[in-house]
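Single-letter residue listing:
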Amino acid sequence: MLLEGKKAAIFGVANNRSIAYGIASAFKREGAQLCFSYLGDSLKKRVEPICEELGGDFTFPCDVASDDDITRSAEIVAEKWGKLDILVHSVAFANRDDLKGRFIDTSRDGFKLAMDISAYSLVGLARAFAPLLNPGASIICMTYYGSQKVITNYNVMGVAKAALEASVRYLAKDFGPANIRVNAISAGPIRTLAASGIGDFHQIGSLFSARAPLGRLVTIEEVGNTAAFLASDHASAITGECLFVDGGFQSVAL
Ligand code: NAD
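Residues numbered from 1 in each chain as written. Predicted model: local features only at pLDDT ≥ 70, side-chain atom pairs only at ≥ 80, totals over all residues. Heavy atoms only, no water.

A. View of the overall build of the protein. Scanning the protein for helices and strands turns up 7 helices and 7 strands. N-terminal to C-terminal, the α/β element order of the protein is β-α-β-α-β-α-β-α-β-α-β-α-α-β. A compact globule built from 254 residues should have a C-alpha radius of gyration of about 18 Å, and the protein, at 17 Å, falls within 12% of that. Overall, the protein is about 45 × 40 × 35 Å in size when its C-alpha atoms are taken along their principal axes. Across the 254 residues in the protein, those meeting the buried criterion constitute 52%. (Helix = DSSP H or I, 4+ residues; strand = E, 2+ residues; numbered from the N terminus. Rg over C-alpha atoms; globule rule 2.2 N^0.38 Å. Buried < 20%, exposed > 50% of the residue type's maximum accessible area, 1.4 Å probe, protein only.)

Next up, the structure:
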């Protein structure tokens, strides 16, 4: 098993269609110990049964918009486990109105919100958890091709993902001397709760399937398997990287 003896904190499970659920399931299969954050009481009710189903050790609340919540999360994980080996950031948010229409209409507040929850939170979590991460540890976040190319309606989230990907590179530089790796996975479109907020998402999915060399959508299981590899010692020289799990979509121009 790839992750035997490793402990993983997973941020971003909302339900069993979440990419973070696919990642946690692969980690479980590969022998990792798990704990899960949840956002607010309504998601607590969903995340707790998932933690139980996957044999996780504990859950804890965390709104990544709050520095106090981030600090408290690290304290809880330190109290329960001491150290850990894997931090998964699978979190993003933007106002629904900013995920349709013209990018130029993004408000200052909408821009700040998307950047805060979807990009800065990786930096905040990485800093809070830094003292707890064992040598050889791995930080993984989720991104999308809309960071590099214009995807209709993705708008401010594309800008936030560009900031997230740049943050991965700078964090990788900071963490390198401690032998801690930081990477992003760029997944193809998957029908999740977050994706349902993007205007005409079904159309992105069909265009994607038509153009991707593999001719189909990707699954949360496939993203989970890639995350398990990145978190494992087999990826010990990979850091500051953005790994595409997109059926080859981004490699094709026409
Ligand atoms: P999801 O809705 O299942 O997960 C998003 C998670 O973000 C939820 O668990 C939600 O609770 C959490 N979140 C939102 N605001 C938060 C806050 N303030 N504090 C803490 N948590 C908060 O959707 P998903 O598609 O699994 O998204 C996971 C990640 O994958 C996101 O970063 C998303 O941008 C990325 N991604 C998704 C796709 C896709 O097509 N679904 C493709 C590429 C990348």
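B. Layout of the pairing of strand β6 (residues 181-187). Of all 7 residues making up β6, 7 are buried, and the element is well covered by its neighbours. Residues R181, N183, I185 and A187 point to one face of β6 and V182, A184 and S186 to the other, with burial holding for every one of them. One ladder, built from 6 bridges, connects strand β5 (residues 133-143) with β6; its direction is parallel. Paired with T143 across the bridge in β6 is S186. (Pairing = 2+ DSSP bridges.)

C. Representation of the packing of aromatic side chains. Applying the stated criterion across every chain, the model contains 8 aromatic pairs. Plain terms: the ring middles of F11 and F129 are 5.8 Å apart, the flat faces sit at 85° to each other, and that makes the pair edge-to-face. On the criterion of sequence distance, the pair formed by F11 in strand β1 (residues 7-11) and F129 in helix α4 (residues 108-129) is long-range, its members being 118 residues apart. Residue classification places F11 among the buried residues on the basis of a relative accessible area of 1%. Take F129: its relative accessible area is 0%, and that puts it in the buried class. With centroids separated by 5.3 Å and ring planes inclined at 70°, the aromatic side chains of F58 and W81 adopt a geometry described as edge-to-face. In this pair, F58 is assigned in strand β3 (residues 58-61) and W81 in helix α3 (residues 67-81), connecting sequence segments 23 residues apart. Take F58 and W81: they sit in the same class, and that class is buried. Grouping aromatic residues by their ring pairs yields a cluster made of F11, F58, F60, W81 and F129. The positively charged end of R211 is found above the aromatic ring belonging to F249, 4.2 Å away from the centroid. (Phe/Tyr/Trp six-rings, centres within 6.5 Å; stacked < 30°, edge-to-face > 60°. Lys NZ or Arg CZ within 6 Å of the ring centre and 35° of its normal.)

D. Examining the site of the ligand more closely. The immediate surroundings of the ligand are formed by 28 residues, with S18, I19, K161, I190 and T192 found nearest. At a separation of 2.8 Å, an oxygen atom of the ligand approaches a polar backbone atom of G12. Contact between the ligand and I190: an oxygen atom at 2.7 Å from a main-chain N or O atom of the residue. With the chains in place, 92% of the 820 Å² that the ligand exposes on its own is no longer accessible. Residues belonging to the shell around the ligand are distributed by class as follows: 20 nonpolar, 6 polar and 2 charged. (Near = heavy atom within 4 Å. Polar contact = N/O pair within 3.5 Å; in protein donor to acceptor, adjacent residues only side chain to side chain. Areas by Shrake-Rupley, 256 points an atom, 1.4 Å probe, with all protein chains shown as cover. Nonpolar A, V, L, I, M, F, W, Y, C, P; charged D, E, K, R; others polar.)

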